[in-house]
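Now for the letters of each chain:
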2 protein chains.
Amino acid sequence: MNREDLKLYLVTDRGLLHKSHSLEEMVLEAVAGGVTMVQLREKNISTREFVELGMRLKSALAGTGVPLIVNDRVDVALAIDADGVHIGQSDMPYEIARKLLGDNKIIGLSVESLEQLEQANQLDVDYVGISPVFSTQTKTDTAPAFGIEGLRKAVSLSKHPTVAIGGINMITAPDVLSCGVDGIAVVSAIVASPEPRSAATALKELLD
Amino acid sequence: MNREDLKLYLVTDRGLLHKSHSLEEMVLEAVAGGVTMVQLREKNISTREFVELGMRLKSALAGTGVPLIVNDRVDVALAIDADGVHIGQSDMPYEIARKLLGDNKIIGLSVESLEQLEQANQLDVDYVGISPVFSTQTKTDTAPAFGIEGLRKAVSLSKHPTVAIGGINMITAPDVLSCGVDGIAVVSAIVASPEPRSAATALKELLD
C-alpha cells in the first residue's frame, strides 16, 4: 500500500445507497471521480451475500489500481482475495488477522482514543483509522468524537499513516486536512449522493 | 472425523443457556454426559468475542477428543484452529471454505431439502446436517420441516454421514434414530437444561 492510496477512502454502506444505482455502479462512479481506496463495510448480511458482493466489487475494480479492503471479515477477504482488511477494536485481534492474511495484505485498524492509538503504534498495521472525528448518523456505536484538536494530536502521535473518518464532508474536510492526515474516509458524502462521481471529484479537488 | 463423532452432536446458543453455568461449563458437563461433538453457533456476537469464546471452548475441550466445529465463520475457525466448520446454505460456498481450511478440517453442510441433499452428494463434505426434522423455537429462519418420513428418505439418499437437527429431544429421538441417521444434533434439550450432564446422559443411553 502506498500512503497516497489513503487520500480519498470510500467506505460502503448499502443502507445509504441512493436508489439510482447499485453498489458496484456507485463505487465505479466514485473511483472515476477520484476515490483512491474502497472498503466494503456491510453489516446484517449473510456470509454468502458478503462473498458474492465482494467478488462483484473486486471484478468491478480490476484494472483500476484502487485497493479493495473488507471490513472486519478476514474470511471474506481471503475468499475474494481482497487487498486487505480493516479491523476495529471489537474485530479479530490484529496479530491473528496478520497471521491469517500474511505480510502482503493491507491491515488497517480503527483507533477510538489516544490510548488505542498508542497501542497501535506497537503493531505493524499499515494504517490507522482515527474514528470518529465528528459524531455521525452513519455509525452510532462509536466512541466520543476526537474533534479537530484531538485529531491533530492523534496524527502527531501516530507512527503509522492516518485516515480520518466520521462526519467528513465538503464543509468539514478543510479543517480535517489541516491536521496532517494522509487521507479522509467518507461514507454518506459519496454513498448517499445521487451523483457519486461529482461528490468524489469535489472532495478530491479539495484534497489536491 | 469418525462417523461415530456425530452420534450426539451439541450445538451451542448462549441465549438459551441456563443461568447456573457458563457456556464452557455447560459444554464440559454435556461432554461428561456423552456428547461426542460440539458446534459453536453464536449470532449477534462481535468477531472479537467469538474468537475469545472459541479459544476458551477449545482449551476446555483439549484432551477430551471431542471435535470443536465453528458455525459459519471460517475466519473464527482458522483463528482458533478449530476442527472444522459447519456451513449453511447462506454461508460461504463449500468449495471456498474447503480451499481456505484445507483437506484435514471437517466441513459439515446443512441441507434443508432433498434437492440440496442431492447437491451435497456432489461435494466432498464430511457430513450433512438434515435440517430441520421438526419445526422449532430455537431457529426460526428455517425451511419447512422434513418430518420423519422426509428424514428417512433423505438419509437413504445421502452418500455422506448424516446428522439430524431440529426439535430433537427425549420424546422425538427414537423415531429419528429409526431413520438410520449417524447422529442427532440438539440445542435446547441440553443447552437450556439446568443439568446438561444428565440431559446428555439420558440422550446417550437412548442412542446406545
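The structure under discussion appears in the preceding block.
Residues numbered from 1 in each chain as written. Chains lettered and ligands numbered in written order. Predicted model: local features only at pLDDT ≥ 70, side-chain atom pairs only at ≥ 80, totals over all residues. Heavy atoms only, no water.

Asker: I tried to follow the pairing of strand β5 (residues 106–111) of chain A on my own but got confused; where do I start?
Answerer: Moving residue by residue along a regular strand, the side chains alternate between the two faces of the sheet. Residue and element names in this part refer to chain A. For β5, the buried fraction is high: six of the six residues fall into the buried class. By the bridge criterion, four bridges tie strand β4 (residues 84–87) to β5 in an arrangement that is parallel. When the sheet's bridge partners are listed, I87 is paired in β5 with L109. The handedness of the β4 to β5 crossover, carried by helix α4 (residues 94–101), is right-handed. Bridge analysis of β5 against strand β6 (residues 127–130) gives four bridges, and the strand direction is parallel. (Buried < 20%, exposed > 50% of the residue type's maximum accessible area, 1.4 Å probe, protein only. Helix = DSSP H or I, 4+ residues; strand = E, 2+ residues; numbered from the N terminus. Pairing = 2+ DSSP bridges. Right-handed = clockwise from strand over helix to strand, strands pointing away.)

Asker: Would you take a moment to explain the interface of chain B and chain A for this structure?
Answerer: Much of the literature gives interface size as the accessible area that the parts lose upon coming together. Listed as interface residues are 20 residues of chain B and, on the opposing side, 20 residues of chain A. Considering only the surface of chain B that becomes buried against chain A, R48, D75 and M92 of chain B emerge as the three largest contributors, covering 32% of it. Linking chain B to chain A there are two salt bridges. With its nearest N and O atoms 3.8 Å apart, the salt bridge here joins R73 of chain A to D75 of chain B. Inspection of the chain B/chain A interface yields 10 residue pairs in polar contact (both at pLDDT 80 or more). (Contact = heavy atoms within 4.5 Å. Buried area = accessible area lost by both parts, 1.4 Å probe. Salt bridge = Lys/Arg side-chain N within 4 Å of Asp/Glu carboxyl O. Polar contact = N/O pair within 3.5 Å; in protein donor to acceptor, adjacent residues only side chain to side chain.)

Asker: Sorry, what's going on with the pairing of strand β3 (residues 68–71) of chain B here?
Answerer: Residues and elements named next belong to chain B. A two-sided burial pattern is seen for β3, the buried positions comprising L68 and V70 on one face and I69 and N71 on the other. Alignment of strand β2 (residues 37–40) against β3, held across three bridges, turns out to be parallel. When the sheet's bridge partners are listed, L40 is paired in β3 with V70. For the handedness criterion, the β-α-β arrangement of β3, helix α3 (residues 74–80) and strand β4 (residues 84–87) is classed as right-handed.

Asker: What exactly am I supposed to notice about helix α2 (residues 47–61) of chain A here?
Answerer: Owing to its 3.6 residues per turn, the α-helix brings residues three or four apart onto one side. End to end, α2 of chain A covers 21 Å across 15 residues, agreeing with the expected 21 Å (1.5 Å per residue, within 8%). For α2 of chain A, the complete set of buried residues consists of T47, F50, V51, L53, G54, L57 and L61 of chain A. End-on view of α2 of chain A: buried residues confined to an arc of 165°, all on one side of the axis. As for α2 of chain A, its buried residues are in contact with α1 (23–33), β2 (37–40), β3 (68–71) and α3 (74–80) of chain A together with α4 (94–101) of chain B. Where α2 of chain A ends, the next residue or the one after it, G63 of chain A, has phi of about 90°, a positive value. (Expected span 1.5 Å × (residues − 1). Arc of directions from axis to C-beta.)

Asker: Just to check I follow, could you spell out the packing of helix α1 (residues 23–33) of chain B against helix α9 (residues 196–207) of chain B for this structure?
Answerer: Two packed helices can be described by the angle between their axes and the distance between those axes. All names here are of chain B. Put simply, α1 and α9 touch, their axes get as near as 7 Å, and they point 30° apart. As α1 runs across α9, the sense of the crossing is right-handed. Contacts between α1 and α9 involve M26, E29, A30, A32 and G33 from the first element and P196, R197, A200, T201 and K204 from the second. For the contact of α1 with α9, a count of residues per class yields five nonpolar, two polar and three charged. (Axes fitted to C-alpha atoms, helices over the stretch in contact; angles between N-to-C directions. Left-handed = near helix turned anticlockwise from the far one by under 90°. Nonpolar A, V, L, I, M, F, W, Y, C, P; charged D, E, K, R; others polar.)

Asker: I would appreciate a short explanation of the layout of surface pockets in the present structure.
Answerer: Unoccupied space between atoms shows up once a probe the size of one water molecule is rolled over them. The space that makes up the second largest pocket amounts to roughly 150 Å³. Taken together, Q89, P93, Y94, E95, L109, Q116, Q119, A120 and L123 of chain A together with R48 of chain B make up the lining of the second largest pocket. Among the secondary structure elements, those contributing two or more residues to the lining of the second largest pocket are α4 and α5 (114–120) of chain A. Per-class residue counts for the lining of the second largest pocket are five nonpolar, three polar and two charged. (1 Å grid on protein atoms, 1.4 Å probe; cavity = no way out; pocket = protein on both sides within 12 Å on 5 of 7 lines; lining within 4 Å. Points joined across faces, edges and corners; volume = space filled by probe spheres on them.)

Asker: What exactly am I supposed to notice about the environment of L68 of chain B here?
Answerer: All names here are of chain B. Locating L68 in the fold gives a position in strand β3. Measuring from C-alpha to C-alpha, the distance between L68 and F146 comes to 27 Å, with 78 residues separating the pair along the chain. Leave out the neighbours within four places in its chain, and L68 touches V38, L40, G54, L57, K58, L61, I80, A82, D83 and G84.

Asker: I would appreciate a short explanation of the relation of the copies chain B and chain A in the present structure.
Answerer: Both copies of the chain are related through a single rotation about an axis accompanied by a shift along the same axis. For the match of chain B to chain A, the screw axis carries a shift of 0.0 Å, the RMSD comes to 0.0 Å, and the turn is 180°. As the rotation angle and translation indicate, the two copies are arranged about a two-fold axis. Considering only C-alpha atoms, the part of chain B nearest the rotation axis is D75 of chain B, at 2.3 Å. (Least-squares fit on C-alpha atoms with pLDDT ≥ 70 in both.)

Asker: Teacher, can you tell me more about unusual backbone geometry here?
Answerer: Excluding glycine, a negative phi dihedral is what most residues carry, and trans is how most peptide bonds are arranged. Cis geometry is found at the peptide bond from S131 of chain A to P132 of chain A, where omega equals -10°. Here P132 of chain A is to be found in the loop between β6 and α6 (147–157). Despite not being glycine, D72 of chain A has its phi angle at roughly 70°, a positive value. For D72 of chain A, the location among the structural elements is in the loop between β3 and α3. Judged by relative accessible area, which is 9%, D72 of chain A ranks as buried. Of note, the phi angle at N44 of chain B is positive, near 55°, even though the residue is not glycine. Residue position: N44 of chain B is located in the loop between β2 and α2 (47–61).

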